[in-house]
Amino acid sequence: MIPPVAHLEIGQCVFCALGRAAAILLSGVFLQPAATADEPRATENSAFTVRHRRLADLEGEHVAHAIFRQTTSGGSIVSWGERVLEWPLEKPQVREVVPRLNDTEYSNGGCALDVDGDGVDEIIVARGRSRSVADPDLFWFAEPAPNRPWKEHWIGFLGKGNIAPHDLHPLSARRPDGTTVRGVVAVLDRRQLVWYEIPADPTGPWPRRGIAELPVKGQSGIAVGDLAGNGRPDIACGMFWAECPADPTREAWKVRRFGLWEDGGWGGMAKLELADMDGDGRPEIVATKAEIPEGRLGVFTRDPQRTDGPWKCREIEAGLYCPHSLVLADFDGDRRVDIIVGEMSAGGWSFPLNPRPRITAYLNRGDRPFDREVLAQGLGVHEMGLLPARRDGAWVLFAADEIQPQKFPEMKTHLSSWTIVPRNSH
């Protein structure tokens with residue numbers, strides 16, 4: 001059995017038995033990969049064979065994010081940026097589901113969530129003016145019927161200025177009276193944590209609740225899970241975490257620091273995931289320093305005897321170029337949670353072009369150092385996603401690159417997949 005990645009949210013791409021089987025089957029059909037000359041050659045010491053497939057060439061179109069969502073037929077990959085596109089797993093031709101709207105674009109932050117309880121995921125994302133997504137509103141988009149244009153529903157106005165959410169994540173919590181509240185948490189302006197609760201009628205405005213203003217600006221990345229050990233959905237963001245109170249609709253959240261990556265103001269711009277990395281039953285925070293060259297990868301472990309103060313950091317890698325993609329699973333089948341990190345082709349700031357960005361696996365060996373294996377190189381990735389596990393033991397990564405045409409006009413957007421097959425799979 002694969003050790004579960006820590007998460008408590010309800011409705012986040014959760015499969016019924018039939019839907020999961022369909023998604024697994026279809027992902028195997030959809031992503032029959034072809035090798036490319038730019039992939040590293042497998043050797044006898046390689047833990048995996050890896051095959052790359054180009055799913056779409058989108059020229060100079062901006063794609064901010066791509067994710068998996070559960071559908072009536074199994075699943076699909078959805079992306080947004082200038083518009084919303086979808087690739088159904090059973091028929092991977094791209095289709096436009098939400099067209100462009102003059103002088104607006106969609107935020108980096110967004111998620112899939114079954115908003116209305118019908119077993120199908122909707123998409124929640126912000127839209128605002130121009131590439132900066134200024135003065136953003138939050139929406140959820142639903143597919144009224146298969147292959148029909150999606151319908152938008154307004155959630156609320158996020159605020160004035162360039163504050164669009166870099167990250168947005170499902171949130172579910174149980175209150176003292178036994179009822180459950182569901183919604184999404186967002187980080188605005190890389191500092192302010194807020195969450196929106198799904199009301200009884202989700203087509204109406206959603207109540208907004210403040211969580212915290214983080215002590216230091218320049219924070220990003222969100223992961224949700226039980227960090228305090230009391231069964232509640234705490235939130236990690238940047239180098240901080242917010243402890244969920246017994247009743248998140250009435251009581252205050254408490255913010256604590258877990259990491260010290262603050263050098264130059266870039267350290268809090270992170271990618272975060274939660275998982276039990278050491279087998280002790282408690283989740284660790286896995287983080288990359290995501291936005292700059294010389295980025296780090298580390299695992300942060302909390303001392304249960306010390307509730308406040310920074311956590312112990314086990315640094316796994318340094319010198320990564322803008323590692324803005326981070327996914328966790330037991331990729332090699334040894335019952336330990338492993339890490340895959342992807343680098344960008346160009347950071348979003350004033351950094352040089354990366355000629356050979358890498359997708360790298362870090363295989364968990366317990367107390368021993370992680371084994372490191374480059375899975376692919378030559379195509380940058382941004383917000384890389386992972387399809388549900390396949391019954392044959394293979395895993396499928398997918399991602400588009402975050403292009404920077406204002407600095408590098410020759411850059412083009414590609415959506416790709418990488419099928420990773422463990423050598424010991426049957």
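Values in this document were obtained by computation on a predicted structure and should not be read as measured data. (Residues numbered from 1 in each chain as written. Predicted model: local features only at pLDDT ≥ 70, side-chain atom pairs only at ≥ 80, totals over all residues. Heavy atoms only, no water.)

## Some remarks on the overall build of the chain
Turning to step 1, where the next piece is worked out: Counting its regular elements, the chain contains one helix and 28 strands.
Turning to step 2, where the next piece is worked out: The buried share of the chain, reckoned over its 426 residues, is 58%.
Turning to step 3, where the next piece is worked out: Working note: accessible area of the chain is about 17,600 Å², and carbon and sulfur atoms make up 50% of it. (Helix = DSSP H or I, 4+ residues; strand = E, 2+ residues; numbered from the N terminus. Buried < 20%, exposed > 50% of the residue type's maximum accessible area, 1.4 Å probe, protein only. Areas by Shrake-Rupley, 256 points an atom, 1.4 Å probe, with all protein chains shown as cover.)

## Some points on the pairing of strand β26 (residues 382–386)
Turning to step 1, where the next piece is worked out: Extensive coverage of β26 is indicated by the burial of four of its five residues.
Turning to step 2, where the next piece is worked out: As paired strands, β26 and strand β27 (residues 395–400) are joined by three bridges and run antiparallel to one another. Residue pairing in the sheet places L386 in a bridge with L397 of β27. (Pairing = 2+ DSSP bridges.)

## Describing the sheet that holds strand β6 (residues 104–113)
Turning to step 1, where the next piece is worked out: Spatial ordering of the open sheet is given by β6-β7-β8-β9, a layout of four strands whose pairing is antiparallel. Where the open sheet ends on each side, the last strands, each with one partner, are β6 and β9 (151–157). Each adjacent strand pair in this sheet contributes to an overall mean axis angle of 30 degrees, direction not counted.
Turning to step 2, where the next piece is worked out: As paired strands, strand β8 (residues 134–142) and β9 are joined by six bridges and run antiparallel to one another. (Axes fitted to C-alpha atoms, helices over the stretch in contact; angles between N-to-C directions.)

## Regarding the pattern of salt bridges
Turning to step 1, where the next piece is worked out: This model, assessed by the stated rule, comprises 31 salt bridges.
Turning to step 2, where the next piece is worked out: As a salt-bridge pair, D177 and R175 come within 3.8 Å of each other at their nearest N and O atoms.
Turning to step 3, where the next piece is worked out: A salt bridge links E315 to R296, with the shortest nitrogen-to-oxygen separation between them at 3.9 Å. In this pair, E315 sits in strand β21 (residues 312–320) while R296 sits in strand β20 (residues 295–301), placing the two residues 19 residues apart along the sequence. (Salt bridge = Lys/Arg side-chain N within 4 Å of Asp/Glu carboxyl O.)

## Remarks on the environment of P248
Turning to step 1, where the next piece is worked out: With respect to the helices, strands and loops of the structure, P248 is situated in the loop between β16 (240–243) and β17 (254–257).
Turning to step 2, where the next piece is worked out: Along the chain, P248 and G210 lie 38 residues apart, while their C-alpha atoms are 9.7 Å from each other.

## Notes on the packing of aromatic side chains
Turning to step 1, where the next piece is worked out: For the structure shown, the criterion picks out eight aromatic pairs.
Turning to step 2, where the next piece is worked out: A ring pair is formed by Y106 and F141, whose centres lie 6.1 Å apart and whose planes are at 70 degrees; its orientation type is edge-to-face. Separated by 35 residues along the polypeptide, Y106 in strand β6 and F141 in strand β8 bring together distant segments of the chain. By the burial criterion, Y106 is buried, and F141 matches it.
Turning to step 3, where the next piece is worked out: Here the aromatic rings of W266 and F351 are separated by 6.1 Å at their centres, their planes lie at 65 degrees, and the arrangement is edge-to-face. Of this pair, W266 sits in the loop between β17 and β18 (270–275) while F351 sits in the loop between β23 (338–342) and β24 (358–363), and the two are 85 residues apart along the sequence. (Phe/Tyr/Trp six-rings, centres within 6.5 Å; stacked < 30°, edge-to-face > 60°.)

## Let's talk about the nonpolar core
Turning to step 1, where the next piece is worked out: Counting 32 residues, the largest nonpolar core has L193, I211, I235 and I285 as the members making the most contacts within it.
Turning to step 2, where the next piece is worked out: I235 has contacts with L171, V185, L193, I211, I222, A223, V224, F240, W241, A242 and W253, leaving out every residue within four places of it along the chain. (Core = buried A, V, L, I, M, F, W, Y, C linked by side-chain atoms within 4.5 Å. Contact = heavy atoms within 4.5 Å.)

## Points about the confidence of the model for the chain
Turning to step 1, where the next piece is worked out: Residue-level pLDDT values for the chain average 89, and 89% of them are 70 or greater.
Turning to step 2, where the next piece is worked out: Note that residues 1–37 has pLDDT below 50 and, in this model, 94 contacts with residues that lie over four places away or in other chains. (pLDDT = per-residue confidence, 0-100.)

## Remarks on the sheet that holds strand β22 (residues 325–329)
In a beta sheet, neighbouring strands are held together by backbone hydrogen bonds and run either parallel or antiparallel to one another.
Turning to step 1, where the next piece is worked out: Read across the sheet, four strands follow the order β22-β23-β24-β25 without closing on themselves; strand pairing throughout is antiparallel. The two strands at the open ends of the sheet, each matched to only one other strand, are β22 and β25 (371–377). Going from strand to strand, the sheet's axes swing by 20 degrees on average, the running direction of each strand aside.
Turning to step 2, where the next piece is worked out: With five bridges connecting them, β22 and β23 associate as antiparallel partners. Looking at β23, one finds that S325 is bridged to G342.

## Details of the pairing of strand β7 (residues 122–129)
Turning to step 1, where the next piece is worked out: Of all eight residues in β7, seven are buried; the element is thus mostly enclosed.
Turning to step 2, where the next piece is worked out: As judged from the seven bridges shared by β6 and β7, these two strands associate in the antiparallel manner. By the bridge assignment, G110 is partnered in β7 with V125.
Turning to step 3, where the next piece is worked out: Between β7 and β8, which pair antiparallel one after the other, the connecting turn spans four residues, and S130 there sits at a positive phi close to 65 degrees.

## Here's the deal with the environment of G204
Turning to step 1, where the next piece is worked out: Mapped onto the elements of the fold, G204 is located in the loop between β12 (192–197) and β13 (208–213).
Turning to step 2, where the next piece is worked out: With sequence-adjacent residues up to four places away left out, G204 is seen in contact with W154 and P199.

## Focus on the side chain of E317
Turning to step 1, where the next piece is worked out: Of note, E317 is situated in strand β21.
Turning to step 2, where the next piece is worked out: Of note is the side chain of E317, whose polar atom sits 3.2 Å from the side chain of Y362.
Turning to step 3, where the next piece is worked out: Of the polar contacts made by the side chain of E317, one reaches the side chain of R372; its length is 2.6 Å.
Turning to step 4, where the next piece is worked out: When near neighbours in sequence (up to four residues on either side) are disregarded, E317 contacts G295, R296, L297, Y362 and R372. (Polar contact = N/O pair within 3.5 Å; in protein donor to acceptor, adjacent residues only side chain to side chain.)

## Re unusual backbone geometry
Among all residues save glycine, negative phi is the norm, and among peptide bonds the norm is trans.
Turning to step 1, where the next piece is worked out: Despite not being glycine, D135 shows a phi value in the positive range, around 50 degrees.
Turning to step 2, where the next piece is worked out: Along the polypeptide, D135 turns up in strand β8.

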